[in-house]
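Structural overview for review
One-letter residues, chain by chain:
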Amino acid sequence: YQHLLERALRRVRGEPVAPDWSPDLRLGVGLAVPEAYVPEPEVRLELYDRLGRLASLATIDDFREEIADRFGPLPEPVEQLLAVAALRLRCRGLGIAKLEVGSKAAAVTFHPDAYADDAGRKHLARLGGTAGDDLRWTGERLILARETATADERLHLAGTLLDQLEAAA
């Protein structure tokens, strides 16, 4: 509600309002704070809400420390949840609308506003054509072909693809 109100006030004041979108991540990773780790449902909901509002990788690290101080060592599902939050922020910064990771590959689809000009699309096409046989540009998506078997491997592959894009930027 506060987010919507702030955006409406900016529009009324004539201030610029950034496009409101969030990357769609399809990683095949369960995203939940285990009930055994945080038994109170309202506290788990608060954690999800706060995690969704974090705006930088540094704030995710701070949040990780706060959770560990409050509830003890983080179980793997919480670590994965935080890793996905970091991937979402990185995708947003790179203009990625969708990040998909499956058992054979990782793929990104860029937001229409991210590379709307022909120069941006040509840059991405060059990156896909020169970054190795396992990275290719299909004209709509950039695909990194690598096999994965576990959730941790899928998260690692997603990070590897984003690392390559950040290095090329």
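For the structure, check the block above.
Each value, and the rule that gives it
- Residues numbered from 1 in each chain as written.
- Predicted model: local features only at pLDDT ≥ 70, side-chain atom pairs only at ≥ 80, totals over all residues.
- Heavy atoms only, no water.
- Helix = DSSP H or I, 4+ residues; strand = E, 2+ residues; numbered from the N terminus.
- Buried < 20%, exposed > 50% of the residue type's maximum accessible area, 1.4 Å probe, protein only.
- Contact = heavy atoms within 4.5 Å.
- Areas by Shrake-Rupley, 256 points an atom, 1.4 Å probe, with all protein chains shown as cover.
- Expected span 1.5 Å × (residues − 1).
- Pairing = 2+ DSSP bridges.
- Axes fitted to C-alpha atoms, helices over the stretch in contact; angles between N-to-C directions.
- Salt bridge = Lys/Arg side-chain N within 4 Å of Asp/Glu carboxyl O.
- Phe/Tyr/Trp six-rings, centres within 6.5 Å; stacked < 30°, edge-to-face > 60°.

Assigned secondary structure in the protein consists of six helices and five strands. By the burial criterion, 35% of the 169 residues in the protein qualify as buried. Taking as baseline every contact in the protein between residues at least 6 positions apart, the subset at least 24 positions apart corresponds to 63%. Accessible surface, the protein: about 9900 Å² in total, of which carbon and sulfur atoms supply 53%.

Glancing now at helix 6 (residues 151-168). End to end, helix 6 covers 26 Å across 18 residues, agreeing with the expected 26 Å (1.5 Å per residue, within 8%). Taken residue by residue, helix 6 has Ala151, Arg154, Leu155, Leu157, Ala158, Gly159, Thr160, Leu161, Leu162 and Leu165 as its buried positions.

Here we come to helix 4 (residues 76-94). Across its 19 residues, helix 4 extends 27 Å between first and last C-alpha, which sits within 8% of the 27 Å expected from 1.5 Å per residue. Packed against the buried residues of helix 4 are strand 1 (24-26), helix 2 (41-53), helix 3 (57-71), strand 2 (96-101), strand 3 (105-110) and helix 6. The positive-phi residue at the C-terminal boundary of helix 4 is glycine 95, with phi of around 75 degrees.

We now examine the sheet that holds strand 3. The strands that make up a sheet are held in pairs by hydrogen bonds between backbone atoms, and each pair lies either parallel or antiparallel. Read from one edge of the open sheet, five strands run 1-2-3-5-4, paired in mixed fashion. The sheet terminates laterally at strand 1 and strand 4 (135-137), the two strands that pair on one side only. Each strand axis lies, on average, 15 degrees off the axis of its neighbour in the sheet, ignoring direction. For strand 3 and strand 5 (residues 141-145), the ladder comprises five bridges, and the chain directions are antiparallel. Bridge pairing links threonine 109 to arginine 141 in strand 5. Contacts between helix 4 and the sheet are confined to strand 1, strand 2 and strand 3, with strand 1 contributing the most and set at about 135 degrees to the helix. Relative to the sheet, helix 6 contacts strand 2, strand 3, strand 4 and strand 5, its axis offset from that of strand 2 by approximately 140 degrees.

Per the stated rule, a full pass over the model turns up ten salt bridges. Aspartate 24 serves as the salt-bridge partner of arginine 26, at 2.9 Å between the closest nitrogen and oxygen. Accessibility expressed as a relative area gives 27% for aspartate 24, which makes it partly exposed. Two residues, arginine 50 and glutamate 66, come together in a salt bridge whose shortest N-O distance is 2.7 Å. Residue arginine 50 is found in helix 2, and its partner glutamate 66 is found in helix 3; the two are separated by 16 residues along the sequence. Overlapping salt bridges, with partners in common, bring together Glu46, Arg50 and Glu66 in one network.

In this section: the environment of leucine 74. Tracing the sequence through the fold places leucine 74 in the loop between helix 3 and helix 4. Overall, leucine 74 belongs to the buried group, its relative accessible area being 16%. Sequence separation of leucine 74 and valine 33 is 41 residues, and the distance between their C-alpha atoms is 9.6 Å. With residues near it in sequence (within four places) discarded, leucine 74 still touches Tyr37, Arg64, Ile67, Ala68, Glu79 and Leu82.

All chains considered together, the criterion is met by two aromatic pairs. Geometrically, the ring pair formed by tyrosine 37 and phenylalanine 71 is tilted, given 5.8 Å between the ring centres and 55 degrees between the ring planes. On the criterion of sequence distance, the pair formed by tyrosine 37 in the loop between strand 1 and helix 2 and phenylalanine 71 in helix 3 is long-range, its members being 34 residues apart. For phenylalanine 71, a relative accessible area of 23% gives the class partly exposed. With a centroid separation of 6.3 Å and 50 degrees between ring planes, the pair formed by phenylalanine 110 and tryptophan 137 is classed as tilted. Note that phenylalanine 110 is positioned in strand 3 and tryptophan 137 in strand 4, a separation of 27 residues in sequence. Both residues of the pair, phenylalanine 110 and tryptophan 137, count as buried.

These figures come from the coordinates and say nothing about function on their own.
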